[in-house]
Amino acid sequence: MSKTPADLRHSRYDVVIVGAGLAGCATARALARADRFQRRRILLVDRHNDVHPRFSGELIHPRGAQILDDLGLFSALSEAGGVEVGGFAVYENADARFVDLSYADVPDERPRGLSIHHKALVRTLRKDVREDHSELLEGWSVADLCRDGNRVDGVVLEGPGRVRHEIRADLVIAADGKSSTVRKLAGISDQGRTTIGFTAGVELVDASLPRSSYAHVFLGAWGPVLAYPILNEADGTTRTRVTFDLPHYLPAKGEALKQHLLRTYIPFVPAPLSAQLAAAVNAHQGPLHMAPTVNLPAPSAAMPGLVLVGDAGGCSHPITASGMTMGLRDAQTLGLQAERRADAPGDERWFDAESLRRYRSEHDRYVPTRQALADAIYEAFRGGEDGSRAIRRALFEYWGSGASARSRSMALLSCAERRPHVFLTEYLKTARHALETSLVPQHASMYPVGDRVRRARGAARLARTKLGLVAQVMWAQVRPGWLTRIETR
Amino acid sequence: MFDRNDAAAPLASSTSIRVEHGTDPLASGLRRAQQLATGWRDRARSDRAGDEMPWLLHVPDIGPTCEVLLADRLFHDLGAHEREAMVSFVRGSQDDTGAWLNVQGEADLSLTTLGWWTLRDAGDDPNSDAMLRASRVVHRLGGAQRANFSVRLWLAMGGQIPWSWLPAIPSELFLLPPHVWLSPARFSPWARGILTPYLLIARAPAHLQLPDARPLLLPHNDGKPVAPRLTRPGLAGDLLQAFDRTVKLSRKLPRGPLPRLADNRALAWIDEHQQGHGGWFSVRPTLLSLVALRVMGAASGDPRLRSGLDHLRRSRGRARIPHGRNAGETALVQGLGGPSLDVLGGLMGSGAHESEVAWMLRQELTVRGPWQARADAATGGWPHEPGATHHLDVDSTCSILSALSALPEDSSQVTASWATARRALDVLFAMQEPDGRFSRFERGESEVMMRRLPWTDADLLAYGRSDDAGHLRLTARVLGAVAAAGFGDDDDRVARAQRWMEQTLSSGLHEHVSAGPLSTVAVIAKALGSSFAPNHPLRAEVEQRLRTRQREDGSFGAMHDTAYALQGLVALGHTDVQPRRAAHWLANAVNRRAPGTADAVSPPVTRGLGLSPAGFDPSAGPREAALALHAYSAAGGQ
């Protein structure tokens, strides 16, 4: 039977984590491990008694897998059916050879990431977290925040029958996803938040993936199609998730959406996977699983008494599959700050102002990089205009130019590389390839000069619009930590 | 043509309507129309057993038939019965006035010249009433020397007119790199297919033993024929005429190795561009390429000649004579090529056999062709005739994509059709011009630089004009095809095409919608319905203009016109009283048609090439009726 607030051991906690998904559970585990003397009180709250019904992230890069391993969670997830993923196979079109972006090529990183069905992931993590000295309260949502002046000082929980319960805490950690209620209640602006579109997902059993332990990206349709294994079942079968990137104006709904996918997306997936996919879509009962894709430029990730982790602290299009890895890095960073203050006297706050400033400073370094990459890759993979198609072509040319090019790109995409000069170099190389492939196209010997120039101008325009983003990312990397301030509201 | 062994029961379309055996006139009309469409697919098969010739899906004017008959004096390939059957077509197509008419029903100087000469070659008495009337028509229209380029070329080869009455092409042009604007590589594919062999034929020069056609030449008072003007009147034309003379004079001067190099280049081009089916880009380029090979020394047993002649034979078929004194009779006609894949795609749109679909998929272009030089696209899409390997046809590609989209989900061809469709989509996008419209065969086909010079034959160098109805129709078709693949106006290519369509339509609504052919209106309506926003003002405007063309009996004219109009209204989202009346009229008209009959009424269509830009489309009635009734029923129409 689920706990109620009345069952809680304490009325005041050092940390209340709102959201018991990947980021929340990993943060709880990181904090529990940092609390060597088990003096701190940690409460994990989630609005759902079980897993959130909406399908969510399932792919974790090696950097994230390493964090899970460090937190002692990896083996449990592996045993729960998690699939070790070797990298990405990216198809410019279904008839082309795929580009092999292998994790193993990234130096000093684990050779494999982890992919796991979201429900199995969350259930396993919650089970593990329960074994710590943290407490888990399920079925209760946050209705309000308690405040002490400008400081957040706890949460007001609302449970079944709209019963409310107030819990005080030195620090509230919002891990409640991209539509974070805590963030809204705290008044943290989500200015710039845009709904990019929607992702529809289906599951296949024993899908014929060209590379069985890889995530696949198929381009050519309106938006990219992703396919990756998510679960090794006990009976020896493997379940695969396939997601379709849909526009924000949904072209069809309900049953019509299935027909839309059959007509406009599945033909762009190579056979025999396409046939299996068509059969799965046809056989699917009820509406398809859907989730909005949101771009949320990193909001202020910390304020007195509150920090944001995971998607609550900024998210982008899932094309780079970096959301969960970022959530794990947030957990790791908070864990490090907790460890730094592990010896603090019990009557002092676990996370002082310096801890929050350091967390935010670190968070602000990697989140904009991830967002810039996801934004650029999505725009190129979508190919909605001349410039982005030129960049897409250039990317494939670049990746085809050698293993080192693929390795550098993969290091960036898998959140393993954060040196600013590498980011800048990759940006410049892609821009150069875009100009070259525009001016000397692959198939056309007499391609009109006007078209070449138009394409090159489109690529240059796109590259120019990204200059600000590049500068922002570079600055995020080199920015002195002491410049970061914790804002109060 | 299709594999016959596995031609089992026809596949029902995934969205096809179950046809009940009852009294519902719409259902029975749809069933009858589908039967008739299937009948046409069968008739078009070139592997029919016995002596049965296939039927042509596109019936051109008498030009190709006449030229094949004249060229046979060189090739001696036609059997006596074939020759007679083809002559019957020419003879039966003559109008009572003595003229041969174009598809619009107007007396045509070039066709009349060719018709007269062919019948003269066949042994008809030049003093017979029909021949005298024909020669009078030729004189009235300015004499054979004013006929089009192709006819003058045949007259020159037959020794009836001097070669100087044809425009001179400096052979050095063929040595220019293909990206230079004056290079023949920049001509439309049809023009290139004509002018390359012309260079060799004129330099030889070729000479064919053909009967005397000089009575058709309009003479001066001194009895000598009037020399034609090769350029348009005006200063620019005069200067060009002078240039033409200079080129011809310069041929008498020593020019070193250039002419020989140009000849070699032209000959190599002819060799390289013979397609998998044996022909070149349609019948006239094929004929002239064969003549060029012959005058350059190819023996009659040369495999290039044999396969070219075989292709011409396969392109012949039966057809009802569309107009003339024997209109409605069946005759043997030289088609422009093999069965039109565009039409076959339409005939398959309301249900096709697995074997037919498999056959259609095999017609996909798999080798690189000249069209790719100007379009940055991979290989894919479909040509305009089966077996062609070099030339993309955007019209056929759209038609086949539409047919493939109706495949049932359990068809064994679905996966293969997806693969071909995505390649085709890539190719379609690559055929977009910078202003947003789409080209049919090659990028830049309607913007040939040399067409701007005031030659009288300059229009032949290009394929249509950039803002003509053909390109509007084509752009609308492509918009419909890419919309069906999920691409909307958030893609800059679609947005550009929409803008071009808006601009072209806004200045030509009357020309294209109120007075234009309903086939074009239907395609425009489909594009508006699938690609444009539901509240776009053009949709309402086109719908209104289309509705006003309905007649009191519910029809929009003939069966095919009513079918096109119904498709347009349904595509715009309407199944109200007007489409309902049209659908019932159409179903009744189809139900009255006896199964297995070929249509007597066949509408003129602009699906031709070069000097036969239009022709007749005998399967249009049942084909479009099947598509229209299917769409109407699928939209919930009663």
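What you are looking at is a predicted structure, and each value in this text was computed from that prediction instead of being measured. (Residues numbered from 1 in each chain as written. Chains lettered and ligands numbered in written order. Predicted model: local features only at pLDDT ≥ 70, side-chain atom pairs only at ≥ 80, totals over all residues. Heavy atoms only, no water.)

### So, the confidence of the model for chain A
And then number 1: Residues with a pLDDT of 70 or more make up 99% of chain A, whose mean pLDDT is 90.
And then number 2: Mean pLDDT per element in chain A: helix H14 (residues 467-478) of chain A is the minimum at 79, and strand E13 (residues 215-218) of chain A is the maximum at 97. (pLDDT = per-residue confidence, 0-100. Helix = DSSP H or I, 4+ residues; strand = E, 2+ residues; numbered from the N terminus.)

### With respect to the nonpolar core
And then number 1: By size, the foremost hydrophobic cluster in this structure holds 214 residues, and its most contacted members are Leu31, Phe88, Phe244, Phe381 and Trp399 of chain A together with Met501 of chain B.
And then number 2: If sequence neighbours within four positions are ignored, Leu31 of chain A has contacts with Val15, Ile17, Ile42, Ile173, Leu334, Gly335, Ala338, Trp350 and Phe351 of chain A.
And then number 3: The next biggest cluster of nonpolar side chains, apart from the first, holds 88 residues, and it includes Trp100, Leu114, Leu305 and Ala319 of chain B. (Core = buried A, V, L, I, M, F, W, Y, C linked by side-chain atoms within 4.5 Å. Buried < 20%, exposed > 50% of the residue type's maximum accessible area, 1.4 Å probe, protein only. Contact = heavy atoms within 4.5 Å.)

### Looking at the side chain of Thr286 of chain B
Residue and element names in this part refer to chain B.
And then number 1: Here Thr286 lies in helix H10 (residues 283-295).
And then number 2: On the accessibility criterion, Thr286 (0% relative accessible area) is buried.
And then number 3: Among residues more than four places away in sequence, those in contact with Thr286 are Gly279, Trp280, Gly308, His311 and Leu312.

### Section: the sheet that holds strand E5 (residues 615-616) of chain B
And then number 1: One open sheet accounts for three strands, arranged E1-E5-E4 (chain B); its pairing is antiparallel. A single partner strand is all that each edge strand has here, and the edge strands are strand E1 (59-60) and strand E4 (604-605) of chain B. (Pairing = 2+ DSSP bridges.)

### What to know about the interface of chain A and chain B
And then number 1: Listed by partner, the interface residues are 38 residues for chain A and 30 residues for chain B.
And then number 2: Around 2,700 Å² of area is buried between chain A and chain B when both sides are counted, 49% of it from carbon and sulfur atoms.
And then number 3: It is Asp95, His443 and Met446 of chain A in chain A that bury the most area against chain B; as a group they hold 27% of the surface buried on that side.
And then number 4: Our enumeration of links across chain A and chain B arrives at seven salt bridges.
And then number 5: Taking the shortest distance from any N to any O, the salt bridge between Arg496 of chain B and Asp386 of chain A comes out at 3.5 Å.
And then number 6: Our enumeration of links across chain A and chain B arrives at 17 residue pairs in polar contact (both at pLDDT 80 or more).
And then number 7: The set of elements that each furnish at least two residues to the side of chain A that touches chain B consists of helix H6 (255-264), helix H7 (273-283), helix H10 (386-400) and helix H13 (449-465) of chain A.
And then number 8: For the side of chain A that touches chain B, a count of residues per class yields 19 nonpolar, 10 polar and nine charged. (Buried area = accessible area lost by both parts, 1.4 Å probe. Salt bridge = Lys/Arg side-chain N within 4 Å of Asp/Glu carboxyl O. Polar contact = N/O pair within 3.5 Å; in protein donor to acceptor, adjacent residues only side chain to side chain. Nonpolar A, V, L, I, M, F, W, Y, C, P; charged D, E, K, R; others polar.)

### A word on the confidence of the model for chain B
Residues and elements named next belong to chain B.
And then number 1: Looking at chain B, pLDDT values average 89 and 94% of them are 70 or higher.
And then number 2: Within chain B, helix H8 (residues 235-250) has the poorest average pLDDT of any element, 80, and helix H4 (residues 109-121) the best, 97.
And then number 3: Contacts for the low-pLDDT stretch residues 1-21, under 50 throughout, to residues beyond four places or in other chains number 55 contacts.
And then number 4: Here the predicted complex carries an ipTM of 0.88, next to a pTM of 0.90.

### Looking at the packing of helix H2 (residues 63-75) of chain B against H4 of chain B
Residue and element names in this part refer to chain B.
And then number 1: For the pair H2 and H4, interaxial distance at closest approach is 9 Å and the crossing angle is 40 degrees. Judged on the interaxial angle alone, H4 and H2 are oblique. In the packing of H2 onto H4, the handedness of the crossing is left-handed. Residues Gly63, Cys66, Glu67, Leu69, Leu70 and Arg73 of H2 lie in contact with H4, whose contacting residues are Leu111, Leu114, Gly115, Trp117, Thr118 and Asp121.
And then number 2: Taken together, the residues of the contact of H2 with H4 break down into six nonpolar, three polar and three charged. (Axes fitted to C-alpha atoms, helices over the stretch in contact; angles between N-to-C directions. Parallel < 35°, antiparallel > 145°, perpendicular 65-115°, else oblique. Left-handed = near helix turned anticlockwise from the far one by under 90°.)

### Focus: the environment of Ala191 of chain B
And then number 1: For Ala191 of chain B, the position within the fold is in helix H7 (residues 189-203).
And then number 2: When residues no more than four places from it in sequence are discounted, the contact partners of Ala191 of chain B are Leu460 and Leu461 of chain B.

### As for the sheet that holds strand E16 (residues 289-295) of chain A
All names here are of chain A.
And then number 1: The seven strands are arranged E6-E5-E13-E14-E15-E12-E16 in an open sheet whose pairing can be described as mixed. Looking along the sheet, the strands with just one partner apiece sit at the ends: strand E6 (99-102) and E16. Averaged over all neighbouring strand pairs, the angle between strand axes comes to 25 degrees, with direction disregarded.
And then number 2: In this sheet, E13 lies alongside strand E5 (residues 87-91) in parallel orientation, the contact comprising four bridges. Within E13, the position partnered with Val90 by the bridge is Val217.
And then number 3: Against the sheet, H7 contacts strand E12 (194-205), E13, strand E14 (225-232) and strand E15 (238-247), and its axis sits at roughly 100 degrees relative to E12.

### Regarding unusual backbone geometry
And then number 1: With omega at 5 degrees, the peptide bond leading from Ala271 of chain A into Pro272 of chain A counts as cis.
And then number 2: Position of Pro272 of chain A among the secondary structure elements: in the loop between H6 and H7.
And then number 3: Residue Pro205 of chain B follows Ala204 of chain B across a cis peptide bond; omega there is -20 degrees.
And then number 4: Relative to the elements of secondary structure, Pro205 of chain B occurs in the loop between H7 and H8.
And then number 5: One non-glycine residue with positive phi stands out, namely Asp108 of chain A, at about 60 degrees.

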